[in-house]
Amino acid sequence: ARSIDPGEAFGMVDGRLIAMIFAMLAVGEGLDNAGAVKLIVDAVAPFLKGLPPFMALAALVVLPSYREGLPKVLIEAAACARAVVTTDVPGCRDAIEDGVTGLLVPAREVPPLAQAIEHLLSDRKLCEAMGRAGRIRAHLRVYQAVGGRS
């Protein structure tokens, strides 16, 4: 299988200007997801104070990955009421509810990634509804975790 260039998917989204977090597994550059996110945040940090303002600018959060633990950026996306497009791999699929809080796409395939991004960007109401659903789900997880403690 060829290595995916996630930027290729963004080029397929009709050249639309997209304000979003773009966290990726940049295998070719030897970056893991944390390294890619740090690179993006560091580039924007002089203009924004930390991740929350950057996330607030995003219409959605996209995390194409080959493998993950539990991706913190997807938890943060949910807490910020942002819809998610991510790959159907362990960790990523556990962080969202497909069709409810975001969309899962096959790993290593550019066209489905681009189509999912375009779908959510072209249906603002759906994108916002998925973001709200993610936020509710994130809050429920916190309440359940706190409630389960003695």
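Calculation notes
Here the residue numbers are simple positions, counted from 1 along each chain's written sequence. Given that the model is predicted, a residue must reach a pLDDT of at least 70 before its local features are reported, and side-chain atom pairs must reach 80 or more before they are shown or counted; all residues, however, enter totals for whole chains, interfaces and linings. Hydrogens are left out, water is left out, and the side-chain values use all remaining heavy atoms of the structure. Comment: elements are numbered from the N terminus, with helices defined as DSSP H or I runs of at least four residues and strands as E runs of at least two. Throughout, a residue-residue contact means that at least one pair of heavy atoms, one from each residue, lies within 4.5 Å. Using a 1.4 Å probe, accessible areas were evaluated by the Shrake-Rupley method; residue-level cover was limited to the displayed protein chains. Any Lys or Arg side-chain nitrogen found within 4 Å of a carboxyl oxygen on Asp or Glu counts as a salt bridge. What makes a nonpolar core is a set of buried Ala, Val, Leu, Ile, Met, Phe, Trp, Tyr and Cys residues whose side-chain atoms join them at distances within 4.5 Å. Between buried and exposed lies partly exposed: a residue is buried under 20% and exposed over 50% of the maximum accessible area for its type, with that area taken using a 1.4 Å probe on protein chains only. One fewer than the residue count of a helix, multiplied by 1.5 Å, yields its expected span. Whether a crossover is right-handed depends on one test, that the path from the first strand over the helix to the second runs clockwise when the strands point away from the viewer. Two strands make a pair as long as DSSP finds a minimum of two bridges between them. Under the rule applied, a polar contact is a pair of N or O atoms within 3.5 Å (in protein, one hydrogen donor and one hydrogen acceptor; residues adjacent in sequence only if both atoms are side-chain atoms).

Some words on the overall build of the chain
And step 1. Counting its secondary structure elements, the chain contains 7 helices and 4 strands.
And step 2. Helices (α) and strands (β) of the chain occur, in sequence order from the N terminus, as α-β-α-α-β-α-β-α-β-α-α.
And step 3. Taking contacts inside the chain between residues at least 6 apart in sequence as the whole, the part at least 24 apart equals 56%.
And step 4. Accessible area for the chain stands at about 8200 Å²; split by element, carbon and sulfur atoms hold 59% of it.

Considering the pattern of salt bridges
And step 1. Under the criterion given, the structure shown has 2 salt bridges.
And step 2. Across the pair arginine 93 and aspartate 88 runs a salt bridge whose closest N-O atoms are separated by 2.6 Å.
And step 3. Glutamate 128 serves as the salt-bridge partner of arginine 124, at 3.4 Å between the closest nitrogen and oxygen. With arginine 124 and glutamate 128 both in helix H7 (residues 124–147), this residue pair falls 4 residues apart, about one helical turn.

Concerning the nonpolar core
And step 1. The biggest cluster of nonpolar side chains holds 14 residues, and the ones touching the most others in it are Leu60, Val62, Ala83, Val85, Leu113, Ile117 and Leu120.
And step 2. Residues Met55, Leu74, Val89 and Ile96 belong to the second largest nonpolar core, which totals 11 residues.

Regarding helix H6 (residues 110–122)
And step 1. The end-to-end C-alpha separation of H6 is 18 Å, in line with the 18 Å expected for 13 residues at 1.5 Å each.
And step 2. Of all the residues in H6, the buried ones are Val110, Leu113, Ala114, Ala116, Ile117, Glu118, Leu120 and Leu121.

A closer look at the pairing of strand E3 (residues 83–87)
And step 1. In terms of residue burial, E3 counts as a mostly covered element, since 5 of its 5 residues are buried.
And step 2. The side-chain alternation of E3 yields two buried faces, one formed by Ala83, Val85 and Thr87 and the other by Val84 and Thr86.
And step 3. With helix H4 (residues 72–79) bridging strand E2 (residues 60–63) and its parallel neighbour E3, the resulting β-α-β unit is right-handed.
And step 4. Across 4 bridges, the pairing between E3 and strand E4 (residues 102–105) is parallel.

Overview of the environment of arginine 93
And step 1. By secondary structure assignment, the location of arginine 93 is in helix H5 (residues 92–95).
And step 2. Separated by 12 residues in sequence, arginine 93 and valine 105 place their C-alpha atoms 9.6 Å apart.
And step 3. Aside from chain neighbours lying at most four places away, what touches arginine 93 is Thr87, Asp88 and Leu104.
And step 4. Among the polar contacts made by the side chain of arginine 93, one reaches the side chain of aspartate 88 at a distance of 2.6 Å.

As far as function goes, none of this settles anything; it's purely spatial.
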